Amino acid sequence: MLAGFVLPSAWWLTACALAAQAPREAGSPAEPAEKNPFASEADITIGRQLFLSRCGACHGRDGEGGRGAALNTGQFRHGSADREMFLTIRYGIPNTEMPGTFLPDIEVWRLVAYVKRLGSAKAVEERAPGDPEAGRAIYSSQGCAACHRIDGTGGDMGPDLSSAGARSALSYLRESVVNPSAYIPVAYRTVTVTTASGARIRGLHLNEDDYSIEIRDLSGNLRCFLKSDLREIEYDKDSLMPPYRTLSETDLENLLAYLKSLKGTR
Ligand code: HEC
Ligand code: HEC
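Conventions and cut-offs
- Residues numbered from 1 in each chain as written.
- Chains lettered and ligands numbered in written order.
- Predicted model: local features only at pLDDT ≥ 70, side-chain atom pairs only at ≥ 80, totals over all residues.
- Heavy atoms only, no water.
- Donors = N, O, S within 2.8 Å, 3.2 Å for Na, K, Ca; no water.
- Tetrahedral: all angles 85-135°; square planar, octahedral: opposite > 155°, others 65-115°.
- Helix = DSSP H or I, 4+ residues; strand = E, 2+ residues; numbered from the N terminus.
- Buried < 20%, exposed > 50% of the residue type's maximum accessible area, 1.4 Å probe, protein only.
- pLDDT = per-residue confidence, 0-100.
- Contact = heavy atoms within 4.5 Å.
- Near = heavy atom within 4 Å.
- Polar contact = N/O pair within 3.5 Å; in protein donor to acceptor, adjacent residues only side chain to side chain.
- Arc of directions from axis to C-beta.
- 1 Å grid on protein atoms, 1.4 Å probe; cavity = no way out; pocket = protein on both sides within 12 Å on 5 of 7 lines; lining within 4 Å.
- Points joined across faces, edges and corners; volume = space filled by probe spheres on them.
- Nonpolar A, V, L, I, M, F, W, Y, C, P; charged D, E, K, R; others polar.
- Core = buried A, V, L, I, M, F, W, Y, C linked by side-chain atoms within 4.5 Å.

Undergrad: Sorry, what's going on with the coordination of the iron atom of ligand 2 here?
TA: Think of it this way: four donors in a tetrahedron around the metal ideally sit 109.5 degrees apart, and six in an octahedron ideally sit 90 or 180 degrees apart. Those donors, His148 (NE2) and Met241 (SD), are the protein atoms that reach the iron atom of ligand 2, and they lie 2.0 to 2.1 Å from it. With six donor atoms in place around the iron atom of ligand 2 and angles of 88 to 177 degrees between them, the coordination shape is octahedral. Here histidine 148 is found in the loop between α6 (132-141) and β2 (149-150), whereas its partner methionine 241 is found in the loop between β8 (230-235) and α9 (249-260), with 93 residues between them in sequence. The exposure class assigned to histidine 148 is buried, which follows from its relative accessible area of 11%. With relative accessibility at 24%, the residue methionine 241 sits in the partly exposed group.

Next comes the structure, spelled out in structure tokens:
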């Protein structure tokens, strides 16, 4: 018997579709005030404490960016108006690592005040020392486009890089290239399943419940398996992306300069 197969099949579709339902955002967005009611110096001081404990790990202690976007450049792609930023922090940004929060409104407003203060410092935007044009050539010759899309061209086993430069700090981009397994965004974690007949199939971990597991295999097919038909499920620690450790420092700097130049449209 075939333990797993390519969709569609009516019965499986139901099982997978149920599992695939994304958790709904809590409630519908209430309409917050247009102007931040909590933006005094005292509020900003508290906002800073909140930021350090809840946001700094992704955005950097001073908002310089890391896993999360740089917040000190004075440019907010998701909106710099008080209300827009309140909604960003309250509900997070769908399909990205940016989470929402259940903090009370007043604390969210204090965070807005502090983040805007970070932005008003207008830190000079981080500059990559390398040559972006030379980096573009390395990007092509290394086959990065097999998995990444830039402005609509390329594969999609990895994140879209069209706005990688606006979204991520240089330190994060460097680590992503040299040691991709150091941090793997949830949407790109993989599993390897072993079927009863011994076949091993690796894919992006899409969904899982008590009975079934759904993955996207390396050819891009959605596949759903009944757990009772599987011999083993391994949660991989390694990224799908190979580490690029043999690039010379110059090549790497040029590649990073290219990635840093990708600012997307939004
Ligand atoms: C797990 C990592 C993570 C944490 C924790 C996190 N963020 Fe984010 N944040 C991100 C990422 C990633 C983005 C960029 C999303 C995108 O546009 O692709 C982002 C984007 C943002 C933006 C929008 C930036 C823009 O250019 O418009 C703001 C504002 C923000 N975060 C504030 C916060 C605040 C305040 C906190 C703490 C309450 C926080 N974030 C916690 C990862 C994180
Ligand atoms: C076999 C597919 C594959 C290839 C080839 C590949 N990547 Fe990746 N890449 C991924 C996956 C999957 C992720 C997400 C998981 C992770 O961060 O390790 C990723 C993550 C990244 C990130 C972090 C993006 C983010 O928003 O978190 C960058 C930057 C990146 N890759 C650049 C490159 C560059 C540059 C090359 C070529 C030198 C390359 N990749 C080649 C699959 C690939």
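Once the structure has been displayed, the description carries forward.
Undergrad: Looking at this model, I keep getting lost on the confidence of the model for the protein chain. Mind explaining?
TA: Low pLDDT means the predicted coordinates in that region are not meant to be read closely. Scored by pLDDT, the protein chain has a mean of 86; 86% of the residues are at 70 or more. Low pLDDT, under 50, characterises residues 1-28; the stretch is placed with 33 contacts to residues that sit more than four places away or in other chains.

Undergrad: Even after reading the chapter, I still don't get the site of ligand 1, so can you show me in this structure?
TA: Around ligand 1, a shell composed of 22 residues is seen, among which Cys55, Cys58, His59, His78 and Met98 lie nearest. In the model, a nitrogen atom of ligand 1 is placed 2.7 Å from a nitrogen or oxygen of the histidine 59 side chain. Here histidine 78 contributes a side-chain N or O atom positioned 2.6 Å from an oxygen atom of ligand 1. Where the shell around ligand 1 is concerned, the elements lending two or more residues are α3 (56-59), α4 (82-91) and α5 (105-120).

Undergrad: It is not clear to me how helix α8 (residues 170-178) should be interpreted in this structure. Could you clarify?
TA: Those residues of α8 lying buried are Leu170, Tyr172, Leu173 and Val177. Taken end-on, α8 shows its buried residues confined to a sector of 160 degrees, consistent with a single buried face. Tucked into the core, α8 has its buried residues touching α7 (164-167) and α9.

Undergrad: When you look at the coordination of the iron atom of ligand 1 in this model, what are you seeing that I'm missing?
TA: Surrounding the iron atom of ligand 1 are the protein donor atoms His59 (NE2) and Met98 (SD), at 2.0 to 2.1 Å. One can describe the donor arrangement at the iron atom of ligand 1 as octahedral, given that its six donor atoms subtend angles of 86 to 179 degrees at the metal. One end of the pair, histidine 59, is in helix α3; the other, methionine 98, is in the loop between α4 and α5, and 39 residues separate them in sequence. Judged by relative accessible area, histidine 59 falls into the buried class, the value being 12%. Residue class for methionine 98 comes out partly exposed when judged on its relative accessible area of 24%.

Undergrad: I would appreciate a short explanation of the layout of surface pockets in the present structure.
TA: One way to see where empty space is left: roll a probe the size of a water molecule over the atoms. Taken as a whole, the second largest pocket spans an internal volume of roughly 200 Å³. Around the second largest pocket, the lining is made up of ten residues, and of these Glu126, Arg127, Ala128, Lys260 and Ser261 lie nearest the centre.

Undergrad: Mind showing me how you'd approach the site of ligand 2 here?
TA: Close to ligand 2 lie 24 residues; Cys144, Cys147, His148, Tyr172 and Met241 are nearest. Between ligand 2 and histidine 148 there is a distance of 2.8 Å, counted from a nitrogen atom to a side-chain nitrogen or oxygen. For the shell around ligand 2, the leading source of residues is α8, giving four residues. In terms of residue class, the shell around ligand 2 is made up of 17 nonpolar, six polar and one charged.

Undergrad: Looking at this structure, how should I read the nonpolar core?
TA: For soluble globular proteins, the rule of thumb is that nonpolar side chains tend to be buried together. If you look at the biggest cluster of nonpolar residues, it comprises 19 residues, and the most contacted ones within it are Tyr139, Leu161, Val177, Leu247, Leu256 and Leu259. Looking at this core, the elements that each hand over two or more residues are α6, α8 and α9. Take this core: its biggest share by element is six residues, from α9. If we skip the residues at most four places from it in the chain, leucine 256 touches Leu170, Leu173, Arg174 and Val177. The next biggest cluster of nonpolar side chains, apart from the first, holds 17 residues, and it includes Ile44, Met85, Tyr114 and Leu118.

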